[in-house]
Amino acid sequence: MAEGTGDPRQVLLSVVVTNTALALLIVLCFWAGVFVARRLGHAPDYSLAPLGFAPPRGGTLRGLGLGVATGVGALLVGLVVNPVTVFVFEQLGYPTRSTIQQPFMRGLEGWVREDPATAIPAIVGVVVLFGPAVEELVFRGALFNGLYRLTHLLLRKAVRKPPGDGFRRASFVLAAGVSSAFFALLHLEPVLLPALLIFAFALCWLFERTGSLLPTFVAHATFNSFATTLIILSGLEILQVPV
């Protein structure tokens, strides 16, 4: 989710509280849906596997490897796409100054400088671990996955043909497009929009391929760990980097 400006301690705390409530809401809504379906005569169980709480298809090690590769690939793509986006924005006369992410990162850098023993574990715990875990549940496990299944069902009913690759591709593109747009827009940084859209599409592909949130979480955590490392190194004055 998008971070705000202000005291980074308060921002991280609000992220934890908000994301915890959101994750609980999604799980409770899922279980409520299962309860209603069972009362209507269907037989789904209360397992969270449909939300992605399942081992990756192809094995855990393969899923972890795909996650790391996707995260590193997204970082490399961002190193190319972001400067191009800045250039295009400048040519069109749009502002390119970060008003959300960069001030927040500066605040985290200052916190690391003042109190590294508290700041570093808190930043890693929230930005690298907790935040990506909840965002993957929301955007891939619930939003993308739900839209993908719903779109596939509606296309089958509308066309009245057996499902095939065309149905799956159309369902994927629509569900990934909508969920990725929400993911990118909620970060509130227009300059980062193209790179975030590409990253989100890659995460949707990874979830569809593995059927698990574990690889997408690893990819997201890998992606976030790069900026987090720069913040910590800059805050500790080990390496002067632009954050």
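Residues numbered from 1 in each chain as written. Predicted model: local features only at pLDDT ≥ 70, side-chain atom pairs only at ≥ 80, totals over all residues. Heavy atoms only, no water.

*Asks:* Just checking my understanding: could you explain the pattern of salt bridges for this structure?
*Replies:* Two side chains with opposite charge may pair up if their charged atoms get near one another. Taken as a whole and judged by the stated rule, the model has six salt bridges. Where glutamate 109 meets arginine 113, a salt bridge forms, and the shortest distance between an N and an O atom there is 2.7 Å. Pair noted here: glutamate 109 and arginine 113 are both in helix 3 (residues 101-114), with a separation of four residues, about one helical turn. Judged by its relative accessible area of 41%, arginine 113 is partly exposed. With a closest N to O distance of 2.7 Å, glutamate 136 and arginine 140 form a salt bridge. With a gap of four residues between them, glutamate 136 and arginine 140 both fall in helix 4 (residues 116-159), about one helical turn apart. The same class applies to glutamate 136 as to arginine 140, namely buried. A single salt-bridge network, built from bridges that share partners, covers Arg106, Glu109, Arg113 and Glu237. (Salt bridge = Lys/Arg side-chain N within 4 Å of Asp/Glu carboxyl O. Helix = DSSP H or I, 4+ residues; strand = E, 2+ residues; numbered from the N terminus. Buried < 20%, exposed > 50% of the residue type's maximum accessible area, 1.4 Å probe, protein only.)

*Asks:* Honestly, a nonpolar patch on the surface in this entry has me stumped. Any pointers?
*Replies:* A surface patch of nonpolar side chains, amounting to about 970 Å² of accessible area, comprises Val68, Val72, Leu76, Leu79, Val80, Val84, Phe87, Val88, Leu92 and Tyr94. You can call leucine 79 exposed: its relative accessible area is 55%. (Patch = residues over 30% accessible without salt bridge, like charges linked within 9 Å, V, L, I, M, F, W, Y side chains within 5 Å. Areas by Shrake-Rupley, 256 points an atom, 1.4 Å probe, with all protein chains shown as cover.)

*Asks:* When you look at the packing of aromatic side chains in this model, what are you seeing that I'm missing?
*Replies:* For any pair of aromatic rings, geometry is given as the distance between the ring centres together with the angle between the planes. Going through the model one piece at a time under the given rule, you end up with seven aromatic pairs. With a centroid separation of 6.5 Å and an interplanar angle of 65°, the aromatic rings of phenylalanine 183 and phenylalanine 199 are classed as edge-to-face. Residue phenylalanine 183 is located in helix 5 (residues 165-185), and its partner phenylalanine 199 is located in helix 6 (residues 193-210); the two are separated by 16 residues in the primary sequence. Residues phenylalanine 183 and phenylalanine 199 agree in their burial class; the two are buried. Aromatic pair phenylalanine 199 and phenylalanine 223: ring centres 4.2 Å apart, planes at 20°, arrangement stacked. Linking phenylalanine 199 in helix 6 with phenylalanine 223 in helix 7 (residues 213-235), this pair joins segments that are 24 residues apart in sequence. What makes phenylalanine 223 partly exposed here is its relative accessible area of 21%. Of the aromatic side chains, those joined through ring pairs into one cluster are Phe139, Phe183, Phe199 and Phe223. Cation over ring: arginine 140 sits above phenylalanine 183, and NZ or CZ is 4.7 Å from the ring centre. (Phe/Tyr/Trp six-rings, centres within 6.5 Å; stacked < 30°, edge-to-face > 60°. Lys NZ or Arg CZ within 6 Å of the ring centre and 35° of its normal.)

*Asks:* Help me out: how do you make sense of the packing of helix 2 (residues 60-92) against helix 6 in this one?
*Replies:* The axes of two packed helices give the description: the angle between them and the distance between them. Interaxial distance between helix 2 and helix 6 falls to 8 Å at its minimum, and their mutual angle equals 165°. Here helix 6 runs roughly antiparallel to helix 2, going by the angle between their axes. Taken as a pair, helix 2 and helix 6 cross one another with a handedness that is right-handed. From helix 2, Arg62, Leu66, Gly67, Thr70, Ala74, Val77, Gly78, Val81, Asn82 and Thr85 reach across to helix 6, where they touch Pro194, Ala195, Ile198, Phe199, Ala202, Trp205, Leu206, Arg209 and Thr210. For the contact of helix 2 with helix 6, the class distribution of residues is 11 nonpolar, six polar and two charged. (Axes fitted to C-alpha atoms, helices over the stretch in contact; angles between N-to-C directions. Parallel < 35°, antiparallel > 145°, perpendicular 65-115°, else oblique. Left-handed = near helix turned anticlockwise from the far one by under 90°. Contact = heavy atoms within 4.5 Å. Nonpolar A, V, L, I, M, F, W, Y, C, P; charged D, E, K, R; others polar.)

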